[in-house]
Amino acid sequence: MSVNFKSGKLTIKRKDTVTGAGLSDKLSKIAFLNPDSEPAAPPSDPVPSTSDAIAHLAATEKPEEEKHLCCGIDCLAPFRALHYEFLDAIINPGVDDTAILKAFDELPESLRKQMLNEIINPEVKLDASIRRENSIPQIEKDFQAVRLQHARKSFAKFIGVPVSEVDPRDIPIIGAAGSGGGFKAMIATAGYLKALQTLGLYDVIMYISGVSGSCWSIANLYTAAKGSPTELIEHFKRILGTHPADPLHLSKILAQDVSNRTELVFGGLTTKYLDAVPRGVVDVFGSILYAHFQSDQKTWDPNTFKMSQQARLMQNGAHAMPIYTACRHERPWDDKDEGDSVERAADEKVDPWWQWFEMSPYEIGCDELRAWVPTFAFGRTFEGGKSIDRVPEQSFGLQVGVIGSAMSAPFTTTFETIERSDAKEGLGIAMKNFASNLLKPDASRWVKRLLSESIINGAINRSPFHKISRPIVVFPNGEKKELRLPSDMQEEKYFELVDAGTDNNQALYPLARQGRGVDVSFVFDASVDVERNIVTVDIEKFGTRKCLAFTRTSPAPPEVPADAPPVEKDAAAISARYANRYCQVFHGNALGGLGPHDEPAAEQDMTLFYMPVLPNPKNPQFGPSEFIFTQLVYKPEDVAGLANCAYQNLIDSADTIRATLKKIWEEKRAKRTRGN
């Protein structure tokens, strides 16, 4: 198939249909078409190909949200066509997929029969309601209590005091926040977690939060690796030598248990199809990527396809609580109520921002909206704050797509990355200057609107927050304030989520949620900016949103000239270049109030251990910067090298970590005993 885009029209040239096109066609149908709008296959072609689906879409009027604000037409048709070519590429064209095709044919009816089966889907026995407060749920409070008891012995050993001196109430609540950065961040996060395990702190960590690539690390940790950082690294060695979109790979995965695996991999996508919920590239991407993550598992447990079931590893406080993140792009000028002219006029002057959503085994929601639903009920239809149906929990494979959907970032994110680049001459500096001009605060409203668009839609889901009321905040002095909500969140039945790295590459936002009481967090950074040490931008951005004023409390790193040559692969040179950078400590003072978009402020101070993935002098020949975030294939030795680099960086920083945690413990103990 070839695609042409001329004069606003999509033209398609068919190529010979090959074995496997039928499978890509079926996948294309459930991914992009509605149940009542299937294209008829040409009589001359007994096996419908993806081209038919593209032709159908090209001739069909698109929903308004898929059109560009600048021109009001669907100018993304050629890119959408390329998505279909992607499907053709990943479905093996040289293997007889008869059994898989049969499983696809049977999938819709099979899912209909199972949907209300309480043995397969016990969550359908439960109703669900929206919680309209930001305090953590009681089940999370109970988890914190048992986790602190579990952590007592390990924490006492790490700080070097008798267990009898440690009251669980004084143990710092510790988070571990991973960064974005694709598979590189996924592997590096595993190395850092293994280091925490070696030091005894893995049993003390209360929360593990992630953005994008580090979310994938958490996803594998709580499924295939069964909570073991050591096994997580071995798991990555086994699976990452194959490209997730290898034409043979998906067929091989499904062929091992065709009926069961086809249902687990594509059941979530098919359920959205049956419910006529919009689907797209991110849903297909997540479904196939999660199959890749499970590819070395001999037997597949259906529970690993439900996020809520990750709580099983948290029983008795045995493991930390995982927190995944995504963002919703709030563009104030979109979808406004024509009757509210005052608010509409004010919104025309407001720049867009990102609302952070967190997803855990317990809840999914957004503290800015003051609204939360049980994880098992995400995807249900809600009215009046209560679910009116009992559909099964959404497939974790779809959520794997959401948390890593960097391809759905708007143009703004791309230009911000270019602006942050270290280009010094030629085309690079010209692009950097061009990006700076587009992003300047006084840019025209038209430019800002255009840059807020993206080529590929994020994941679209049924909104549980449809028609919710405006929240009322009560301040400590008794003052009350009714907060505004985005009108499209109140009026629209669907909403779109994308990779949280579009806003901030550090997964700190959910750790400042009210009631969590996080005292200190590790910040594991494998993003593209680590060499330049400009993390303060991300930290300050987080601080602004959550009303925390951060200051550095560790020695400042030496200034590195902008024109400095790459560091030599020598232990002494590496130690000199990266002095004071492996574990940078920041302390945030809680200021109270509300954030710039009425975000609830952090309730207490927070200390950060910022730990970038930098070359380690104990292995000077290994350069982590040689791996880029778009790399999707890693040899076992590459996985080992990257994980070991992160591991050693944290191990070498143990004294700084120990002294800081002991000080926080002493302060908490003194405060509690004074209170008694």
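Structural data are supplied above this passage.
Bear in mind that the values here come from a model prediction, so they are computed numbers and not experimental data.

Student: Account for the pattern of salt bridges, naming residues and giving values.
Tutor: For the coordinates displayed, the defined rule picks out 29 salt bridges. Between K306 and E123 there is a salt bridge whose closest N-O contact spans 3.0 Å. Taken together, the residues span a long stretch of sequence, with K306 in the loop between helix 11 (281-293) and strand 5 (321-330) and E123 in the loop between helix 4 (98-114) and helix 5 (138-159) at a distance of 183 residues. One network of salt bridges, with partners in common, ties together R131, E133, E140, E358, E363, R513 and R516.

Student: Which residues make up unusual backbone geometry, and what values do they have?
Tutor: Despite not being glycine, S212 has its phi angle at roughly 55 degrees, a positive value. Take S212: it is sitting in the loop between strand 4 (207-209) and helix 7 (213-221). For D598, which is not a glycine, the phi torsion comes out positive at approximately 65 degrees. Tracing the backbone shows D598 in the loop between strand 17 (584-590) and strand 18 (606-612).

Student: So what about the nonpolar core? Which residues, and what values?
Tutor: F266, Y324, F522 and L650 are the most contacted members of the largest nonpolar core, which totals 153 residues. Of the residues forming this core, the biggest block, eleven residues, is contributed by helix 6 (residues 182-199). Sequence-distant contacts of F522, that is, excluding residues within four places in its chain, are made with I174, G175, A176, A177, L196, L201, I205, F609, M611, L650 and I657.

Student: I'd love a proper account of the packing of helix 10 (residues 258-274) against helix 11, names of residues and values included.
Tutor: Running from N to C, helix 10 and helix 11 point in directions that differ by 160 degrees, and their axes come no closer than 8 Å. In terms of their interaxial angle, helix 10 and helix 11 are classed as roughly antiparallel. Between helix 10 and helix 11 lies a crossing of right-handed hand. Seen from helix 10, the contacting residues are V265, F266, L269 and K272; seen from helix 11, they are D283, V284, S287, I288 and A291. Residues that form the contact of helix 10 with helix 11 fall into these classes: six nonpolar, one polar and two charged.

Student: Please give an account of the pairing of strand 3 (residues 174-178) that cites residues and values.
Tutor: Burial runs high along strand 3: five of the five residues are buried. On strand 3, burial covers both faces: I174, A176 and G178 on one face and G175 and A177 on the other are all buried. Note that strand 3 and strand 15 (residues 520-525) share five bridges and pair parallel. Looking across to strand 15, one finds that G178 is bridged to F524. In the sheet, strand 3 pairs with strand 4 via three bridges, with the strands oriented parallel. Bridge pairing in strand 4 places G175 opposite Y207.

Student: Please provide a residue-by-residue account of the side chain of T189, values included.
Tutor: By the element assignment, T189 lies in helix 6. Polar contacts involving the side chain of T189 include one to the main-chain carbonyl oxygen of A185, which spans 2.7 Å. When sequence neighbours within four positions are dropped, the list of residues in contact with T189 reads G178, S214 and S217.

Student: Kindly report on the environment of I173, identifying the contributing residues and their values.
Tutor: With respect to the helices, strands and loops of the structure, I173 is situated in the loop between helix 5 and strand 3. A residue is classified by how much of its surface remains accessible, and I173, at 6% relative accessible area, is buried. Separated by 33 residues in sequence, I173 and M206 place their C-alpha atoms 6.2 Å apart. Residues in contact with I173, not counting those within four places in the same chain, are L148, M206, Y207, R516, G517, V518, D519, V520 and K668.

Student: Tell me what's going on with the environment of A500, and back it up with residues and numbers.
Tutor: Tracing the backbone through its elements, the reader meets A500 in the loop between strand 14 (494-499) and strand 15. For A500, a relative accessible area of 0% translates into the label buried. With 145 residues separating them along the chain, A500 and Q355 place their C-alpha atoms 9.0 Å apart. Setting aside residues up to four positions removed in sequence, A500 forms contacts with V211, T325, A326, C327 and W356.

Student: How would you summarise the side chain of D503 if you had to cite specific residues and measurements?
Tutor: Here D503 shows up in the loop between strand 14 and strand 15. A polar side-chain atom of D503 sits 2.8 Å from a polar atom in the side chain of W356. Leave out the neighbours within four places in its chain, and D503 touches C327, W354, W356, K541 and R545.

Student: If you had to explain the packing of aromatic side chains to someone new, which residues and values would you point to?
Tutor: Remark: the centre distance and the inter-plane angle together describe each pair of aromatic rings, the angle taken between the planes. As enumerated under the stated definition, the model contains 21 aromatic pairs in all. Seen in terms of ring centroids, F183 and F293 are 6.2 Å apart; in terms of plane orientation they differ by 45 degrees. Their pairing is tilted. Of the two residues, F183 is situated in helix 6 and F293 in helix 11; the sequence distance between them amounts to 110 residues. On the accessibility criterion, F183 (1% relative accessible area) is buried. Since its relative accessible area comes to 0%, F293 is described here as buried. An angle of 40 degrees between the planes, with centres 6.3 Å apart, marks the rings of F357 and F465 as tilted.

Student: Kindly report on the packing of helix 6 against helix 8 (residues 229-239), identifying the contributing residues and their values.
Tutor: Interaxial distance between helix 6 and helix 8 falls to 8 Å at its minimum, and their mutual angle equals 150 degrees. Accordingly, the angle class assigned to the pair helix 6 and helix 8 is roughly antiparallel. With respect to the hand of their crossing, helix 6 and helix 8 are arranged in left-handed fashion. When helix 6 is examined against helix 8, the residues M186, I187, A190, G191, L193, K194 and Q197 are found in contact with a partner set consisting of P229, T230, L232, I233 and F236. Its residues assigned to classes, the contact of helix 6 with helix 8 shows eight nonpolar, three polar and one charged.

Student: Run through the pairing of strand 18, naming residues and quoting values.
Tutor: Across the seven residues of strand 18, seven count as buried, placing the element largely inside the fold. The side-chain alternation of strand 18 yields two buried faces, one formed by M606, L608, Y610 and P612 and the other by T607, F609 and M611. As paired elements, strand 15 and strand 18 share six bridges and run parallel to each other. Of the residues in strand 18, the one forming a bridge with V520 is T607. Pairing between strand 17 and strand 18: five bridges, direction antiparallel.

Procedures and definitions
Residues numbered from 1 in each chain as written. Predicted model: local features only at pLDDT ≥ 70, side-chain atom pairs only at ≥ 80, totals over all residues. Heavy atoms only, no water. Salt bridge = Lys/Arg side-chain N within 4 Å of Asp/Glu carboxyl O. Helix = DSSP H or I, 4+ residues; strand = E, 2+ residues; numbered from the N terminus. Core = buried A, V, L, I, M, F, W, Y, C linked by side-chain atoms within 4.5 Å. Buried < 20%, exposed > 50% of the residue type's maximum accessible area, 1.4 Å probe, protein only. Contact = heavy atoms within 4.5 Å. Axes fitted to C-alpha atoms, helices over the stretch in contact; angles between N-to-C directions. Parallel < 35°, antiparallel > 145°, perpendicular 65-115°, else oblique. Left-handed = near helix turned anticlockwise from the far one by under 90°. Nonpolar A, V, L, I, M, F, W, Y, C, P; charged D, E, K, R; others polar. Pairing = 2+ DSSP bridges. Polar contact = N/O pair within 3.5 Å; in protein donor to acceptor, adjacent residues only side chain to side chain. Phe/Tyr/Trp six-rings, centres within 6.5 Å; stacked < 30°, edge-to-face > 60°.

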